[in-house]
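Below, each chain spelled out in residue letters.
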Amino acid sequence: MLINYLKETMKKTSSAGLILVMLLVFGVSSGFAQRSKAINMFKNHINNVVQKVKETKNPQKKRSILNNSFDNMLTAFNKAEKMKHLSKKDQAGLNKLSATIARKKYELNGTHGYKRVSNNQLNDYANYVQQNVEQASQTITLSLTAILLIIILIILLVAL
């Protein structure tokens, strides 16, 4: 019965309607692909920070690299949260991601009740942060617009 209905509907659908449906399906799948690319760009940024930490010998410089990265992300999240066109869902996701990064910064520096990460643990800590942020980015839902906005802001902040 459903198959007959679909056949009749397809017969009645004009070629323009069929093209519109195909574009809609392509657009939705393209949106998912673009979102995935944007998330990968964010993950690459985190990975680059981790690599810089590992390549640096001086513990104070390692800590500085991590702090600067956390500050840039927190600034980008804060600026993105203030954008009026973001949905409530995006704002909530940004709040969660921002809170995650803030906790990592507190832990790195031993503030807000956290024990300071020791100098000999900074490489491991950078790896831990990378894994934690990647997991958070999988569970926190952000739109493609919000992700791209964050990436642009981080790139601009790093360039300054």
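Above this text is the structure in question.
In what follows, the accompanying structure is described. (Residues numbered from 1 in each chain as written. Predicted model: local features only at pLDDT ≥ 70, side-chain atom pairs only at ≥ 80, totals over all residues. Heavy atoms only, no water.)

### As for unusual backbone geometry
Inference 1: Positive phi outside glycine occurs at His-112, with the angle close to 55°.
Inference 2: Structurally, the position occupied by His-112 is in the loop between helix H4 (88-109) and helix H5 (122-139).
Inference 3: Overall, His-112 belongs to the exposed group, its relative accessible area being 60%. (Helix = DSSP H or I, 4+ residues; strand = E, 2+ residues; numbered from the N terminus. Buried < 20%, exposed > 50% of the residue type's maximum accessible area, 1.4 Å probe, protein only.)

### A look at the packing of helix H3 (residues 59-81) against H4
Inference 1: Relative orientation of the contacting elements H3 and H4 amounts to 160°, with a least axis distance of 10 Å. Classified by the angle between their axes, H3 and H4 sit roughly antiparallel to one another. For the crossing formed where H3 meets H4, the hand is left-handed. Listed contacts from H4 to Arg-63, Leu-66, Asn-67, Phe-70, Asp-71, Met-73, Leu-74, Phe-77, Ala-80 and Glu-81 of H3 are Gln-91, Leu-94, Asn-95, Leu-97, Ser-98, Ile-101, Ala-102, Lys-104, Lys-105, Leu-108 and Asn-109.
Inference 2: Considered class by class, the residues forming the contact of H3 with H4 number 11 nonpolar, 5 polar and 5 charged. (Axes fitted to C-alpha atoms, helices over the stretch in contact; angles between N-to-C directions. Parallel < 35°, antiparallel > 145°, perpendicular 65-115°, else oblique. Left-handed = near helix turned anticlockwise from the far one by under 90°. Contact = heavy atoms within 4.5 Å. Nonpolar A, V, L, I, M, F, W, Y, C, P; charged D, E, K, R; others polar.)

### Regarding H4
Inference 1: Taking 1.5 Å per residue, 22 residues should reach 32 Å; H4 reaches 31 Å between its end C-alpha atoms and fits that length.
Inference 2: Within H4, burial applies to Asp-90, Gly-93, Leu-94, Leu-97, Ser-98, Thr-100, Ile-101, Ala-102, Lys-104 and Leu-108.
Inference 3: In the segment just after H4, Gly-110 is the residue with positive phi, at about 70°. (Expected span 1.5 Å × (residues − 1).)

### With respect to the nonpolar core
Inference 1: Grouped together as the largest cluster of nonpolar side chains are 21 residues, with contacts concentrated most on Leu-66, Phe-70, Met-73, Phe-77, Leu-108 and Tyr-125.
Inference 2: Contributing elements (two or more residues each) for this core: helix H2 (15-55), H3, H4 and H5. (Core = buried A, V, L, I, M, F, W, Y, C linked by side-chain atoms within 4.5 Å.)

### Let's talk about the pattern of salt bridges
Inference 1: All chains considered together, the criterion is met by 1 salt bridge.
Inference 2: In this structure, the salt-bridge partner of Asp-71 is Lys-105, at a minimum N-O distance of 2.3 Å. Of this pair, Asp-71 sits in helix H3 while Lys-105 sits in helix H4, and the two are 34 residues apart along the sequence. (Salt bridge = Lys/Arg side-chain N within 4 Å of Asp/Glu carboxyl O.)

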